[in-house]
Amino acid sequence: MEWILIESDQDIMNIQKRYGNFLDAEIVNFRYESGNYVDSDLRGHEYMKNELHVIFQRMDENPFAIEVVFEEMRYIHFHAAMMDETSSDILYAQFIKTKDFIYWTNLRMFDPEDIPEYLAGGKMFIEAKRAKWRVVSEKGESISKPWLDEEY
């Protein structure tokens, strides 16, 4: 599927509408890639790519599953529900765009200027320079790691 950039308020409205404000969605898996590596001469190379790939599935179709890539990610804060907690469902989530960053969060009243307040409890957010998304499954077919079959 084709990548769709999230650059404007209209782009945000489009993904929010298309994915139902993430209602009844789950984070199925994610993969982080720094871009840094150590070569065969044991020299480190730092590129600070900082990409986070997140697969969401939801209890609905059209689309059932999407992949969102956060590029030049600076912050990630996830709450992983344990078995004795009520649910890991996302009841609502949104993208917020500022001049320098794009955010994804499960908070309705998220203020990008007050990040430390969000570091406790079941609050989730991601801060990155850019984001893009694509549909990986329109219907409820099983998916696990679509990036394994694709070169980036």
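Digging into the pattern of salt bridges
- For the coordinates displayed, the defined rule picks out ten salt bridges.
- For the salt bridge of Glu 67 with Arg 134, the shortest nitrogen-to-oxygen distance reads 2.7 Å. Of this pair, Glu 67 sits in strand S6 (residues 65-77) while Arg 134 sits in strand S9 (residues 125-137), and the two are 67 residues apart along the sequence. Here Glu 67 and Arg 134 have matching classes, each one buried.
- Two residues, Arg 74 and Glu 127, come together in a salt bridge whose shortest N-O distance is 2.5 Å. Highlighted residues: Arg 74 in strand S6 and Glu 127 in strand S9, separated in sequence by 53 residues.
- Note on Glu 127: relative accessible area 1%, which makes it buried.
- Linked through salt bridges whose partners overlap, the residues forming this network are Glu 71, Glu 72, Arg 130 and Lys 132.

Let's talk about the nonpolar core
- Of all hydrophobic cores here, the largest spans 24 residues; its most connected members are Phe 22, Phe 56, Ile 66, Phe 70, Phe 95 and Trp 104.
- Taken together, the elements giving at least two residues each to this core come down to helix H1 (9-18), strand S5 (51-58), S6, strand S8 (102-105) and S9.
- With five residues, the top contributor of residues to this core is S9.
- With seven residues, the next largest nonpolar core counts Phe 101, Tyr 103, Phe 110 and Phe 125 among its residues.

Criteria and thresholds
- Residues numbered from 1 in each chain as written.
- Predicted model: local features only at pLDDT ≥ 70, side-chain atom pairs only at ≥ 80, totals over all residues.
- Heavy atoms only, no water.
- Salt bridge = Lys/Arg side-chain N within 4 Å of Asp/Glu carboxyl O.
- Helix = DSSP H or I, 4+ residues; strand = E, 2+ residues; numbered from the N terminus.
- Buried < 20%, exposed > 50% of the residue type's maximum accessible area, 1.4 Å probe, protein only.
- Core = buried A, V, L, I, M, F, W, Y, C linked by side-chain atoms within 4.5 Å.

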